[in-house]
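Examining the three-dimensional arrangement
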Amino acid sequence: MSTPERDPQHPDPQPASQQDRAGHDPERAGQLVVFPTPAPQGLQVVPVSSGAVVEPAPGVLDGEIETEQEYARRTGGDRLPVLARQRVVALVRVVRTAERTAQLKALAAYRVRQAPRDAARLCWFALRGHGRWIAKVWRWATYADLRADYRAARLGGDVEARRVAQDALRAEQAARRARRGELAPKLIGAGCLAVVVWAALAITSSLLDRADMWGWLATVYAVLDTIGALLPWVLAGGCVGWLVAAVVEGRDRTPGASWLVRPDRADADSWVDERMISQALAHLGIAPLDKFFKAGGELVYTVPARVDGDGTYAQLKLPMGVTAEMVAAKRQTLAANLGRASLETWPTQGEEAGILDLWVADKGKLGGGAGQWPLQQQGSAEVFEGVPFGLTQRGRVINAPLFEANWLIGGRPGQGKSAAMRTLLLGAALDPTAELWVFVMGQSPDFAPFRPRLSRYAMGMDDSVAETALHALADLLVEMERRGKVLERQPGSPPKTSRKLADKPTLGVHPLICAIDECHELFQHPTYGKQAEELAIRLIKRGRKYGIILILATQSPTKDSIPKEVTRNVSCGVAFAVADHVANDGLLGSGKYREGIRATDLRMKTDRGTCVAVGVTDERFELVRTFYVPFDDGIDMVSPVIARAMAQLSDLRRTGPAPDDPHDPATEADHLADIAEVMGSEPRVRTQVVLRRLGEHHPPVYRDWGFSDLKAALSEYRIEIGKSHGHSVVRADDITQALTDRDHDTDPGPEEEAGN
């Protein structure tokens, strides 16, 4: 078979599939696209004999670069860009894996599972609502309330009340008859008018076509047609509204509808809502409260039940005749009704006697400890900011206030009072500016590791320790007077010490903390007790603003062991497990037991380390799980903290000069003369330059001065800082005049010279 010759002018076209792949392959966008072209002119075609194998000559192809825009136009641009598709996929993935999406899925699944139960409850509510409506209509139609008053008066033998009830019944009957007499003619007239209008419209519609009617009449019929079309929908909406109203009428009388919402918490057993609280209060056995609920009353929640830390908080108004104190007295019953332990239920008085603040802990949340102390391994503390003390019942860390605060800590033996005091002192030790004194009125090594960090320390049961503690209180009183004089000499006469002043070692107004463990031994000492009591009260009342802090701990908080003035004036009261209300109020303040703030509910050993505290936060009280730094059974975690405190210690914490020290820089400094000296002969000097020169002239005094310090020093001599070319300046004339006036005021007069 012979092979046909190829016409050089008409080469064989490629198959359609090959052309389509070459010209429309999406994968080749932006690549070299080739197309077949005719053979060049002058190419000779040689005949081939039959049976010979001929290798086809390669075709000559032309090519061009195709851009993405040209490719998109050629292919129609019907594919999304890859980047946009990736963004959509990422968005869908984020939405699908979001925590809120999982919660919504769980809620939807829960609602589907509960749908039969919910439908049954709604049907029951609707039936009960209709029954209540029928009962109300029946009572109204038969004057049931007035007849009940009449029967009660008759059974009680009260003739006057019986006559009043009978007169009220007759008056109500007469009033209804009068209203019916007035309303009946109006209803009849309105009905007759409606019938006449309807008949006229029907006759007109049968006689006339809409096109032949007047415009306004056609509009009336159009409106009527619209109303007729909407009437089925209105009736359907009315039926739905009727059913909703019946369900609302037939719902449970107690507030809350927790069956409509799934608790969004893993521990569903800990869920508490208004309905549960109302049911618990309804079974407390308080007569006025029982009467209120029997009459169908509903409690008003000023703060609905909401998650608050490791529990639930709610605030509600109690009905007339019921106080928060009455509910607090039934605390154990309330806890049992809520399915909680007594320690987990805290009903207290709010802003008013009729306001109940209720906090209910989640089951078992208060059983665990507070965990490791935050400063156990690293970090420093700031006395002016507070030190970590424990966790509140809401699970938040308490930074216990030390500056401007005095502490009274007490409880039964072995409940954690010494450990709590140790935690406070460890935090204070990590502030390099703080100075610590510790006196232990007993043979206890609880504070022995503190010795390297203490300025004063005494421990023992003999009279010498009590005498040493008494002398320390007296020295603190002298120190308080000295600090008052130092502050008075400072620019602006600050009323209390501050972080800035405490950082100046020459002033000696750093925080000074004196801790006395088993302080009842000191206050009840036959020789030194009375004087120690007086000194402690004076220090508590006046020393806190001068940076002097007193921390007292006792296991015998009675009216004889702890002076009343101490309890009244301490800022922070801490009560571990105590035996009775006397000890409770002796530590926390008078009346706290009646208000429901009770450490008597804390259990020995079981609640060791847990205390009730007042004054440590802005809340009225806190249930605190204190941090514990081990120091027993061969475990000493206190000494490493003290070693770290000693490494951080600097000269800032050293006690300032003695009151009679003639080399006190604050006493020797003459601010006015120093300013005049650094200004020299210049007529005016910028305040920044004056401050810099003062710092170089006398660093111990002026090193930390700022603009406010300079302004306060000048204001003592009625010198105002002036302005020159937009800058604050001190004028030499003002300084010279102030020095002249001061020298003139201190010169002795004629009478003084004659006397000399």
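What this report covers is the structure whose coordinates are included nearby. (Residues numbered from 1 in each chain as written. Predicted model: local features only at pLDDT ≥ 70, side-chain atom pairs only at ≥ 80, totals over all residues. Heavy atoms only, no water.)

1. Points about the sheet that holds strand β10 (residues 435–440)
Adjacent strands of a sheet pair through backbone hydrogen bonds, lying either parallel or antiparallel. In spatial order, the strands read β8-β7-β16-β15-β14-β9-β13-β12-β10-β11; together these ten strands make up an open sheet with mixed pairing. Of all strands in the sheet, those bounded by a partner on one side alone are β8 (397–400) and β11 (454–459). Looking at each pair of strands side by side, their axes are set apart by 25 degrees on average, direction ignored. Contacting β7 (387–391), β8, β9 (407–410), β10, β12 (512–517) and β13 (548–554), helix α13 (residues 417–429) runs over the sheet at an angle of about 165 degrees to β12. Taken strand by strand, helix α19 (residues 581–588) contacts β9, β13, β14 (572–575) and β15 (610–614), and its axis lies near 150 degrees from that of β14. (Pairing = 2+ DSSP bridges. Helix = DSSP H or I, 4+ residues; strand = E, 2+ residues; numbered from the N terminus. Axes fitted to C-alpha atoms, helices over the stretch in contact; angles between N-to-C directions. Contact = heavy atoms within 4.5 Å.)

2. Remarks on the nonpolar core
Core analysis: the largest hydrophobic core is formed by 59 residues, its most contacted members being Phe439, Leu473, Leu476, Ile516, Leu522, Leu552 and Val612. Ranked by the residues each element gives to this core, the list is headed by helix α14 (residues 463–489), at eleven residues. If near-sequence neighbours (up to four positions away) are discounted, Ile516 is found in contact with Met421, Phe439, Met441, Leu473, Leu522, Ile551, Leu552 and Ala553. In this structure, Leu402, Val440, Phe447 and Cys611 belong to the second largest nonpolar core, which totals 47 residues. (Core = buried A, V, L, I, M, F, W, Y, C linked by side-chain atoms within 4.5 Å. Buried < 20%, exposed > 50% of the residue type's maximum accessible area, 1.4 Å probe, protein only.)

3. Brief notes about a nonpolar patch on the surface
Residues Trp214, Trp216, Val220, Val223, Leu224 and Ile227 make up a contiguous nonpolar surface patch of about 640 Å² in total accessible area. Along the chain, Val223 turns up in helix α8 (residues 215–250). Judged by its relative accessible area of 42%, Val223 falls in the partly exposed class. (Patch = residues over 30% accessible without salt bridge, like charges linked within 9 Å, V, L, I, M, F, W, Y side chains within 5 Å. Areas by Shrake-Rupley, 256 points an atom, 1.4 Å probe, with all protein chains shown as cover. Salt bridge = Lys/Arg side-chain N within 4 Å of Asp/Glu carboxyl O.)

4. Considering the environment of Ile540
Following the sequence through the fold, Ile540 ends up in helix α17 (residues 529–542). Relative accessible area serves as the criterion here: at 3%, Ile540 is assigned to the buried category. Considered as a pair, Ile540 and Glu565 are 25 residues apart in the sequence and their alpha carbons are 9.2 Å apart. Residues contacting Ile540, with those up to four places away along its chain left out, are Asn406, Leu550, Val566, Asn569 and Val570.

5. Description of the pairing of strand β3 (residues 300–307)
Across five bridges, the pairing between β3 and strand β4 (residues 311–317) is antiparallel. Bridge pairing in β4 links Val303 to Gln315. From the end of β3 to the start of β4, which pair antiparallel, there are three residues, and Gly309 there has a positive phi angle of about 65 degrees.

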